[in-house]
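These are the residues of each chain, in order.
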Amino acid sequence: MTNEVPRSVTDEVPLRVAVIVGSVREGRQGRAVADWFLGTAAADEGLDLDVIDLAEVDLPLVLPGWGGTPSPEAVAALKDVSPRLAAADAFVVVTPEYNHSFPASLKNFVDWHHAQWQAKPVGFVSYGGLGGGLRAVEQLRLVFAELHAVTVRDSVSLHGPWSGLGEDGAPRDAAVCAGAAKGMLGQLAWWGRALRAARAERPYAG
């Protein structure tokens, strides 16, 4: 007799993870950091990774009023990304820290969506300064809590991008950073599969 709990069918399906590159700044290192993370995450065959680079998403700053209709420009921009967020089981946000917070481009993208975030986990890869972007992450946790998302406890924090990252955007302290990424992804995968199964059994009412 064994105490092993049988795995559900949903556990066998790859976890769909949307990786959101939050910076649109000229000369940014966000895409290079995201590429490093993707290379690390690719070792996990249980993940299906989808990159959403906000530098390629032209969303207006003006949101429609309650019950209003988005502008044609917004509809065109959302047509590609919104279904991908809805299909995702989990999210990883790659963000710098600007002035003790996260970029306006990222907040605007988050605010254009609502139901797509609900009852799903969010992990973070941050970079910037001595704090490694942790202040940006702490503020993002508050935002995602309001949207009924679950942020995982551990994050990946890259300190001093001007000295801690190589020209290719990969951390110079590769072993430590890869270990942090593995830990965060482990938590994200656990929550992602648990919440996916829960949503399938009983849709989240919010």
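All residue numbers refer to position in the chain's written sequence, counted from 1. Only residues with pLDDT of 70 or above have their local features reported here, since the model is predicted, and side-chain atom pairs are shown and tallied only from 80 upward, although totals for entire chains, interfaces and linings are computed over all residues. Side-chain metrics rest on all non-hydrogen atoms present in the structure, leaving aside hydrogens and water.

If you look the protein up in an unreviewed UniProt entry, it shows as NADPH-dependent FMN reductase from Streptomyces diastatochromogenes.

(A) Layout of the packing of aromatic side chains. Each aromatic pair joins two rings of Phe, Tyr and Trp (for Trp, the six-membered one) with centres within 6.5 Å, and gets the label stacked for planes under 30 degrees apart, edge-to-face for over 60, and tilted for any other angle. One pass over the full model with this rule turns up five aromatic pairs. Pairing Trp117 with Phe144 gives two aromatic rings, centres 5.3 Å apart and planes at 80 degrees, and the pair type is edge-to-face. Of this pair, Trp117 sits in the loop between helix H4 (104-111) and strand S4 (121-127) while Phe144 is found in helix H5 (residues 134-146), placing the two residues 27 residues apart along the sequence. Just as Trp117 is buried, Phe144 falls in that class too. Following the ring pairs from residue to residue traces out a cluster consisting of Phe91, Phe109, Trp117, Phe124 and Phe144. The cationic tip of Arg25 hangs over the ring face of Tyr98; the distance from NZ or CZ to the ring centre is 4.7 Å. Here a strand is any run of E in DSSP of at least two residues, a helix any run of H or I of at least four, and the numbering for each starts at the N terminus. With a 1.4 Å probe rolled over the protein chains alone, any residue whose accessible area is under 20% of its type maximum counts as buried; one over 50% counts as exposed, and the rest are partly exposed. In our convention, an over-ring charge means Lys NZ or Arg CZ found within 6 Å of a ring centre and within 35 degrees of that ring's normal.

(B) Representation of unusual backbone geometry in the model. With a phi angle near 50 degrees, Asn99 is a residue other than glycine that sits in the positive phi range. Relative to the assigned elements, Asn99 resides in the loop between strand S3 (90-96) and H4. Look at Asn99 and you get exposed, because its relative accessible area is 77%.

(C) Examining the pattern of salt bridges more closely. Each salt bridge in this description consists of a side-chain nitrogen of Lys or Arg and a carboxyl oxygen of Asp or Glu lying within 4 Å of one another. Throughout the structure, instances matching the rule amount to 12 salt bridges. A salt bridge links Asp35 to Arg31, with the nearest nitrogen and oxygen atoms 3.1 Å apart. Of the two residues, Asp35 and Arg31 are both situated in helix H2 (residues 30-41); the distance of four residues between them amounts to about one turn of the helix. Accessibility expressed as a relative area gives 28% for Arg31, which makes it partly exposed. Ionic pairing is found between Asp89 and Arg196, a salt bridge with its closest N-O pair at 3.1 Å. Of this pair, Asp89 sits in the loop between helix H3 (72-87) and S3 while Arg196 sits in helix H7 (residues 174-201), placing them 107 residues apart in sequence. According to the relative accessible area criterion, Asp89 is buried, its value standing at 1%. For Arg196, a relative accessible area of 9% puts it in the buried group.

(D) View of the UniProt feature "domain: NADPH-dependent FMN reductase-like" (unreviewed entry) in the protein. In the UniProt entry, the feature "domain: NADPH-dependent FMN reductase-like" (unreviewed entry) is given for residues 16-159. As a span, residues 16-159 carries 34% helix and 22% strand, and end to end its C-alpha atoms are 28 Å apart. UniProt positions are given in the numbering used here, feature names are shortened, and annotations may be inferred rather than shown by experiment.

(E) The arrangement of the nonpolar core in detail. Residues grouped as a nonpolar core are buried Ala, Val, Leu, Ile, Met, Phe, Trp, Tyr and Cys residues, joined through side-chain atoms within 4.5 Å. Phe109, Trp117 and Phe144 are the most contacted members of the largest nonpolar core, which has 29 residues in total. Two residues qualify as a contact provided that any one of their heavy atoms is within 4.5 Å of a heavy atom in the partner residue. When sequence neighbours within four positions are dropped, the list of residues in contact with Phe144 reads Val93, Val110, Trp117, Val122, Phe124, Ala149 and Thr151. Within the second largest apolar cluster, 26 residues are counted, among which are Val33, Ala90, Val125 and Leu158.

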